[in-house]
Amino acid sequence: MTQPRTRRDVFRMAGLSAAGLALAACGVQGKKAAPPKADAVQDYWSKQTKHGKVVFANWPEYMPEDKAPLEKFKQATGISYEYKEVIQENAEFFGKAEPVLRAGQSLGYDIVVMTNGVQLQHMIDLGYVVPLDHSKLPNFAANAGEKYKNRSYDPGNVYTVPFASGVTGIAYNTKYVKDDITSIEALFDPKYKGRVGMMADAQEIGNFGMIATGANPENSTEADWKKAGEKLKAQRDAGIVRKYYDQSYIDAVSKGDIWLSMAWSGDVFQRQLAGEPVKFVVPQEGGTIWTDNMLIPKGAANPVDALMLMDFLYQPAIAAELDEFIQYVTPVPSVQDLLKEKAKTATGADKKSLEAMAESPLMFPSEADYAKLHSYTRLTTQQEQVFNPIFQSITQA
């Protein structure tokens, strides 16, 4: 439990690798699909039957090694599973999947997990995601938190249900930073010159630039992007930023190579469990909430079995088992009480870890933190051509 590890070791939302960009670039040729009509959705599901098998494509480090939640699903339903850790970054996955889906072929997966952002938006807009039958998702209806039932990127959860979430805020090493960091302006403060880390991902850094200039990313305009870009460029040109990071920022903060940085909540929590002097804060101006979502891709062979597994994972006891391993934000709020109950009978290091999880605002954000969190800017293909260069020109210079 106390070993620092995260599925985001390989995470790059915008696909900043050359391969990711090249693959993603070829993936937006299709025509935008019309919103699903209720009778068409009903007609689709009325023709589907349970087949006794499901193939689940996910990111690394998102399922306990013994696959206990999936084994319990198999015992409860008789449905066998294949679990594949094949998603390394959204752009790369989308770039490989899009030509297959455009050709009307199956990906070979019944459930795919994708982060909200440009690639998920393309999947939905191009009609590559099966609309969900919510009459078959009673556990989701009963146990998902209200904040996870109507996300801006998928209003009404028409196509997706959350698997896990995380928060982008500020991490700082208390050995070197003695002030209580509360404002996003700390990342722009000249007194930390050369000791600040920023993320290399266009959407992540774009969000923070907009929040720092008073814009709400979710309803931002091109003018907001340019203003945010100017502030971030001034920060870079003043020598405040030591480096634009992917996952490696967390090691840099821990070692003191940088003193404060944009950060993902789960990374920081795992370092805290390991006893490192790293704090995390959602700036008073705001931070970002991102969500990894389960969806059924078009052409899936076993959609009923997939829907049953999605719903099974919303049973509180199963969600608690997952969250104890993942250590990010669960979409099932009652998990917090279950972890507290389990901590009461645990001993030693397990008891300490469970208590830390149950009490951590990094795993269970407060209402005050949730109120300050924004999702990513929703971008059309045309808008991407404007948005990405603004922020990539800063991080890749």
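Residues numbered from 1 in each chain as written. Predicted model: local features only at pLDDT ≥ 70, side-chain atom pairs only at ≥ 80, totals over all residues. Heavy atoms only, no water.

*Asks:* Hey, could you run me through unusual backbone geometry in this one?
*Replies:* If a residue is not glycine, its phi is most likely negative; likewise, a peptide bond is most likely trans. Its identity is not glycine, yet Glu61 carries a phi of approximately 60 degrees, on the positive side. One can find Glu61 in the loop between strand 1 (53-58) and helix 3 (68-77). Here Lys67, not a glycine, exhibits a phi torsion of approximately 55 degrees, which is positive. Mapping Lys67 onto the fold places it in the loop between strand 1 and helix 3. (Helix = DSSP H or I, 4+ residues; strand = E, 2+ residues; numbered from the N terminus.)

*Asks:* Looking at this structure, I do not really get helix 7 (residues 202-212). What am I missing?
*Replies:* Owing to its 3.6 residues per turn, the α-helix brings residues three or four apart onto one side. In terms of burial, helix 7 is largely enclosed, as 11 of its 11 residues are buried. Regarding helix 7, the residues found buried are Ala202, Gln203, Glu204, Ile205, Gly206, Asn207, Phe208, Gly209, Met210, Ile211 and Ala212. Between a side-chain oxygen at the N-terminus of helix 7 and the backbone nitrogen of Gln203 the separation is 3.2 Å; the capping residue is Asp201. Just past helix 7, the residue Gly214 takes up positive phi, approximately 85 degrees. (Buried < 20%, exposed > 50% of the residue type's maximum accessible area, 1.4 Å probe, protein only. Polar contact = N/O pair within 3.5 Å; in protein donor to acceptor, adjacent residues only side chain to side chain.)

*Asks:* Can you help me understand the side chain of Ser261 in this one?
*Replies:* Looking at the secondary structure, you find Ser261 in strand 7 (residues 260-264). Discounting residues that sit within four places of it in the chain, Ser261 has contacts with Gly169, Ile170, Ala171, Leu187, Gly197, Met198, Tyr249 and Val253. (Contact = heavy atoms within 4.5 Å.)

*Asks:* Please clarify how the packing of helix 3 against helix 11 (residues 303-312) should be interpreted in this entry.
*Replies:* Two packed helices can be described by the angle between their axes and the distance between those axes. Remark: helix 3 packs on helix 11, axes separated minimally by 11 Å, with the N-to-C direction vectors making an angle of 120 degrees. Comparing their axes, helix 11 and helix 3 come out oblique. As helix 3 runs across helix 11, the sense of the crossing is right-handed. Across from Pro69, Leu70, Lys72, Phe73, Ala76 and Thr77 in helix 3, the residues of helix 11 making contact are Asp305, Met308, Leu309 and Phe312. Each residue belonging to the contact of helix 3 with helix 11 can be placed in one class, and the counts come to 7 nonpolar, 1 polar and 2 charged. (Axes fitted to C-alpha atoms, helices over the stretch in contact; angles between N-to-C directions. Parallel < 35°, antiparallel > 145°, perpendicular 65-115°, else oblique. Left-handed = near helix turned anticlockwise from the far one by under 90°. Nonpolar A, V, L, I, M, F, W, Y, C, P; charged D, E, K, R; others polar.)

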